[in-house]
Amino acid sequence: MHSTTCFNRTRLIYTCILLLVGFSLFPCSAQEGAKVSLKFVCFPRANDTEPLQLLTGDAKAIEVETPSNEISKPHMVQARNTWVIGKMVTGDDGKPKFEVYGKTKALTSSKQLLVLLRKGATNADGFEIIALDSRKINFGGEKFLFLNTAKVAIAGKIGKQAVALKPGAHTIIKPKPDRGVRKNLCHVSFAYLRNKEWKIFSSTTWPVHKNARALVFFYQDPTTKRLRLHAIRDFMN
């Protein structure tokens, strides 16, 4: 009687383990087969016109658009653990080989924006890549997205709205214009923290439009190492 009870208990435990393994594998399979919408933006601008490719599988890649003055059109690809940018070349053995220019961990979002930051004048110099969840950064007109890719803290004021960004942080704001000449103008100034002191590196005037949004990226120039900002104005339909 005791042996029968032990046998039944062992069989029950074994069955539970199989069920748990089966349930744990199911989401992974679903995720691997999922499609992801990828968009790209690349800066600073460069004279290198060679197209970039995205690794999509073993010895498989697709050409992607990486504009500087706008966000690219979406590219529908299979979900992956890592996004890898580069180009397909022929190896010494005559077989296709992917030359890596940059990579980053993929997000679980079905819509992602890959920000490509150049490390030099050419594609072969490489890229730092930042993946953003496009679902979380969807925003309408009169709003600004700020992303700090630099290694220093940045603070600023856009009209009557203040903004502060640690390295790697991003935020979305809707500034209030403060220029009396035209109702849609904002005075804009930015400073970075160095040796416990804030140093202004940009002061200008920006328009705010109800049918346009702005994406502003702070970065350090790969050649001069000076702090720069790259702004894109995206008009909405």
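To be clear, the structure that these remarks concern was listed above.
The sections below set out a description of the structure shown in this document.

One finds Phe 144, Phe 146, Ile 158, Phe 190, Trp 206 and Phe 218 to be the most contacted residues of the largest nonpolar core, which totals 18 residues. Elements represented by at least two residues in this core include exactly β9 (144–148), β10 (154–158), β11 (161–165), β13 (185–194) and β15 (212–220). Apart from the residues lying within four places of it in its own chain, the contact partners of Phe 144 are Phe 139, Thr 171, Ile 172, Ile 173, Pro 175, Trp 206, Pro 207, Val 208, Ala 214 and Val 216.

Following the sequence through the fold, Thr 104 ends up in strand β6 (residues 96–105). Among the polar contacts made by the side chain of Thr 104, one reaches the main-chain carbonyl oxygen of Ile 129 at a distance of 3.3 Å. Beyond its immediate chain neighbours, meaning those up to four positions away, Thr 104 contacts Thr 82, Trp 83, Leu 114, Ile 129 and Ala 131.

Bringing the sheet that holds β10 into the picture now. In spatial order, the strands read β11-β10-β13-β14; together these 4 strands make up an open sheet with antiparallel pairing. Looking along the sheet, the strands with just one partner apiece sit at the ends: β11 and β14 (197–207). Sheet twist, expressed as the mean angle between neighbouring strand axes with direction ignored, is 15 degrees. Bridge count between β13 and β14: 10 bridges; the pairing is antiparallel. Bridging from a neighbouring strand, Val 188 pairs with Thr 204 of β14.

Using the criterion set out here, one finds 5 salt bridges in the structure. We note a salt bridge from Lys 199 to Glu 197, for which the minimum N-O separation is 3.9 Å. Residue Lys 199 is classed as partly exposed on the basis of its relative accessible area, which comes to 32%. According to the relative accessible area criterion, Glu 197 is partly exposed, its value standing at 48%. Across the salt bridge formed by Asp 234 and Arg 213, the nearest N and O atoms sit 2.9 Å from each other. Taken together, the residues Asp 234 in strand β16 (residues 227–235) and Arg 213 in strand β15 connect sequence positions 21 residues apart. The exposure class of Asp 234 is partly exposed, given its relative accessible area of 23%.

Reading the values: the criteria
Residues numbered from 1 in each chain as written. Predicted model: local features only at pLDDT ≥ 70, side-chain atom pairs only at ≥ 80, totals over all residues. Heavy atoms only, no water. Core = buried A, V, L, I, M, F, W, Y, C linked by side-chain atoms within 4.5 Å. Buried < 20%, exposed > 50% of the residue type's maximum accessible area, 1.4 Å probe, protein only. Helix = DSSP H or I, 4+ residues; strand = E, 2+ residues; numbered from the N terminus. Contact = heavy atoms within 4.5 Å. Polar contact = N/O pair within 3.5 Å; in protein donor to acceptor, adjacent residues only side chain to side chain. Pairing = 2+ DSSP bridges. Axes fitted to C-alpha atoms, helices over the stretch in contact; angles between N-to-C directions. Salt bridge = Lys/Arg side-chain N within 4 Å of Asp/Glu carboxyl O.

Treat this as a map of the structure, not an account of what it does.
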